[in-house]
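Examining the three-dimensional arrangement
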Amino acid sequence: MQTKTTPGAMLKAMREKPPLVQCITNYVAMNIAANVLLASGASPAMVHAAEEAGEFAGIASALTINIGTLSTQWIDGMQAAAKAAKSAGKPWVLDPVAHYATAFRRNAVAELLALRPTIIRGNASEIIALAGGESRGQGVDSRDPVEQAEGSARWLAERQRAVVAVTGAVDFVTDGERAVRIEGGSTLMPQVTALGCSLTCLVGAFAATAPEDIFGATVAALATFAIAGEEAALGAAGPGSFSWRFLDALAALDAETLDARARISAA
Ligand SMILES: Nc1ncnc2c1ncn2[C@@H]1O[C@H](COP(=O)(O)OP(=O)(O)OP(=O)(O)O)[C@@H](O)[C@H]1O
Ligand SMILES: Cc1ncsc1CCO
Ligand SMILES: [Mg+2]
């Protein structure tokens, strides 16, 4: 494993001092993402209005921006918050939901990329398209395998000087130099809407806890999802029971179990 400190140590540190995370996410994700952060041990705040998003970014320890249900007013709030986070030296995470779908989304994401996100987290179709590749994506769900997106992720990480996380059956994280794969999770996870959006918010929480190790923090968030997802799937009858079991599994996951079970390998 290449991280400075272990995922478990980061999870423990997060719970000892719950970071305030400003999540500008979408209408679909707001509730589950806030619950995912609470269950994991962080403090979420869904603050997106242009009138206050920039000011709030000065208070929060990290910011996450997701373009899932975009509108012009929201873009103003996103840009104000990203600028404020950047100038305060706080990490911010971009989730470019279905950015390839419309010109409105493409333009919004291009402007957000220019504000230099610390971390970019997307599914394989989103990351391939972000690097200018041939993505099969149409809506918000991925139609490409993660392996197909690994080269795109490396390119994007170098070009943006950001950590890039691609999620799917086996997750991939790179900062352009280092890269790892993270195994785990469950096939039920893409059957529950907005778990990826929620993960983006959790990446923000770990980045707030370990701003000195953004790569390690990203890996820790993804490993937390991977192990909690496996645990939740054990007793789940389908996506409905998986969803609540997943929140319980996040809350029950301890540092030692996470470190013992996380399957992270150099790529
Ligand atoms: N086939 C799979 N097997 C195991 N885990 C998976 C699988 N597909 C997705 N996951 C896990 O689900 C979580 C969400 O990733 P996903 O790639 O589905 O995000 P997403 O497409 O952005 O989701 P959404 O847009 O609905 O929020 C990650 O933790 C990922 O590892
Ligand atoms: C279903 C859906 N539509 C816009 S955002 C979202 C949540 C998953 O990305
Ligand atoms: Mg998504």
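Residues numbered from 1 in each chain as written. Chains lettered and ligands numbered in written order. Predicted model: local features only at pLDDT ≥ 70, side-chain atom pairs only at ≥ 80, totals over all residues. Heavy atoms only, no water.

1. Here we look at a positive patch on the surface
Put simply, the rule is: Only residues whose relative accessible area exceeds 30% and that form no salt bridge are eligible for patches; like-charged ones are grouped when within 9 Å, while nonpolar side chains (Val, Leu, Ile, Met, Phe, Trp, Tyr) are grouped when within 5 Å. Computed by Shrake-Rupley with a 1.4 Å probe, the accessible areas treat only the displayed protein chains as cover when residues are assessed. Take a side-chain nitrogen of Lys or Arg and a carboxyl oxygen of Asp or Glu: if they are within 4 Å of each other, that pair is a salt bridge. In summary, the charge assignment counts Lys and Arg as positive and Asp and Glu as negative, without counting His or the chain termini. Here the site of a charge means atom NZ of a Lys, CZ of an Arg, CG of an Asp or CD of a Glu. Put simply, DSSP H or I for four residues or longer makes a helix, DSSP E for two residues or longer makes a strand, and each gets a number counted from the N terminus.
Among the surface-exposed residues, Lys86, Arg116, Arg159 and Arg161 lie close enough to one another that they form a single positively charged patch. Inspection of the secondary structure puts arginine 159 in helix 7 (residues 146-160).

2. So, the UniProt feature "binding site: substrate" (unreviewed entry) in the protein
Worth spelling out the cut-off: UniProt positions are given in the numbering used here, feature names are shortened, and annotations may be inferred rather than shown by experiment. Should any heavy atoms of two residues lie within 4.5 Å, those residues are considered in contact.
As recorded in UniProt, the sites labelled "binding site: substrate" (unreviewed entry) are Met46 and Ala194. Position of methionine 46 relative to the elements: it lies in the loop between strand 2 (43-45) and helix 3 (53-57). Note that alanine 194 resides in the loop between strand 8 (179-183) and helix 8 (195-209). Ignoring anything within four residues of it in the chain, the contact list for alanine 194 reads Val28, Ala29 and Ile32.

3. Points about the packing of helix 4 (residues 72-87) against helix 5 (residues 103-113)
Put simply, the rule reads: Axis definition: a line fitted to C-alpha atoms, over the contacting stretch in the case of helices. Angles run 0 to 180 degrees between N-to-C directions. For classification, angles of less than 35 degrees are called roughly parallel, those exceeding 145 degrees roughly antiparallel, those between 65 and 115 degrees roughly perpendicular, and all remaining angles oblique. Put simply, Ala, Val, Leu, Ile, Met, Phe, Trp, Tyr, Cys and Pro go in the nonpolar bin, Asp, Glu, Lys and Arg in the charged bin, and everything else, Gly too, in the polar bin.
At a minimum axis distance of 11 Å, the contact between helix 4 and helix 5 shows a crossing angle of 10°. It follows that helix 4 is roughly parallel to helix 5 by the angle criterion. Touching Thr72, Ile75, Met78 and Gln79 of helix 4 are Phe104, Ala108, Glu111 and Leu112, all from helix 5. The residue inventory of the contact of helix 4 with helix 5, partitioned by class, reads five nonpolar, two polar and one charged.

4. Observations concerning the state of the cysteines
Which entries qualify depends on this criterion: In plain terms, two cysteine sulfur atoms within 2.5 Å form what is called a disulfide here. Only protein chains enter the calculation, and the probe is 1.4 Å; a residue is then buried if its accessible area is under 20% of its type maximum, exposed if over 50%, and partly exposed in between.
This model, assessed by the stated rule, comprises zero disulfides. Cysteine 23 takes part in no disulfide bond, and the closest cysteine sulfur to it belongs to cysteine 201, at a distance of 3.5 Å. Cysteine 197 carries a free sulfur, and the closest cysteine sulfur to it, the one in cysteine 201, is 7.7 Å from it. With relative accessibility at 13%, the residue cysteine 197 sits in the buried group.

5. Some details on the environment of alanine 33
For alanine 33, the position within the fold is in helix 2 (residues 30-40). Considering only alpha carbons, one finds alanine 33 and threonine 200, 167 residues apart in sequence, at a separation of 8.7 Å. When near neighbours in sequence (up to four residues on either side) are disregarded, alanine 33 contacts Met46, Ser198 and Cys201.

6. Here we look at the side chain of asparagine 66
You can see asparagine 66 is positioned in strand 3 (residues 62-66). Exposure remark for asparagine 66: the relative accessible area of 3% places this residue in the buried category. Contacts of asparagine 66, omitting those with residues within four sequence positions, involve Ile24, Thr25, Asn26, Met78, Asp95, Val97 and Cys197.

7. Here we look at helix 5
We apply this condition: As used here, the arc belongs to the directions running from the helix axis to the C-beta atoms.
Here helix 5 has its buried residues at Arg105, Ala108, Val109, Leu112 and Leu113. Mapping the buried residues of helix 5 onto a view down its axis gives an arc of 130°, with all of them on the same face. Those residues of helix 5 hidden inside the fold are in contact with strand 3, helix 4, strand 4 (92-95), strand 5 (119-123), helix 6 (124-130) and helix 7.

8. With respect to unusual backbone geometry
Unlike most non-glycine residues, alanine 98 shows phi in positive territory, near 45°. Judged by its relative accessible area of 2%, alanine 98 falls in the buried class. Of note in this structure, arginine 161 is not a glycine but carries a positive phi near 50°. Mapped onto the elements of the fold, arginine 161 is located in the loop between helix 7 and strand 6 (163-167).

9. Here's the deal with the site of ligand 2
The line we're drawing: Near residues are defined by distance, with any heavy atom within 4 Å of the molecule or strand qualifying the residue.
Neighbouring ligand 2 are Asn26, Val28, Gly68, Val97, Val140, Thr193 and Cys197. Coverage of ligand 2 by the protein chains reaches 74% of its 280 Å² of free accessible surface. Within the shell around ligand 2, the residues separate by chemical class into four nonpolar, three polar and no charged.

10. A look at the site of ligand 1
Lining the immediate environment of ligand 1, one finds 18 residues, of which Asn123, Thr167, Asp171, Gly196 and Cys197 sit closest. Sorting the residues of the shell around ligand 1 by element identifies strand 5 and helix 8 as the ones contributing at least two each. Of the residues forming the shell around ligand 1, the biggest block, four residues, is contributed by helix 8. Of the residues contributing to the shell around ligand 1, the split by class is eight nonpolar, eight polar and two charged.

11. Brief notes about the packing of helix 2 against helix 10 (residues 239-252)
Which entries qualify depends on this criterion: The handedness criterion is simple: a crossing whose near helix is rotated anticlockwise from the far helix by less than a right angle is left-handed, and one whose near helix is rotated clockwise is right-handed.
Put simply, helix 2 and helix 10 touch, their axes get as near as 7 Å, and they point 30° apart. With respect to their mutual orientation, helix 2 and helix 10 come out roughly parallel. Taken as a pair, helix 2 and helix 10 cross one another with a handedness that is right-handed. Two secondary-structure elements touch here, helix 2 through Ile32, Asn35, Val36, Ala39 and Ser40 and helix 10 through Ser243, Phe246, Leu247, Leu250 and Ala251. Considering only residue class, the contact of helix 2 with helix 10 consists of seven nonpolar, three polar and no charged.

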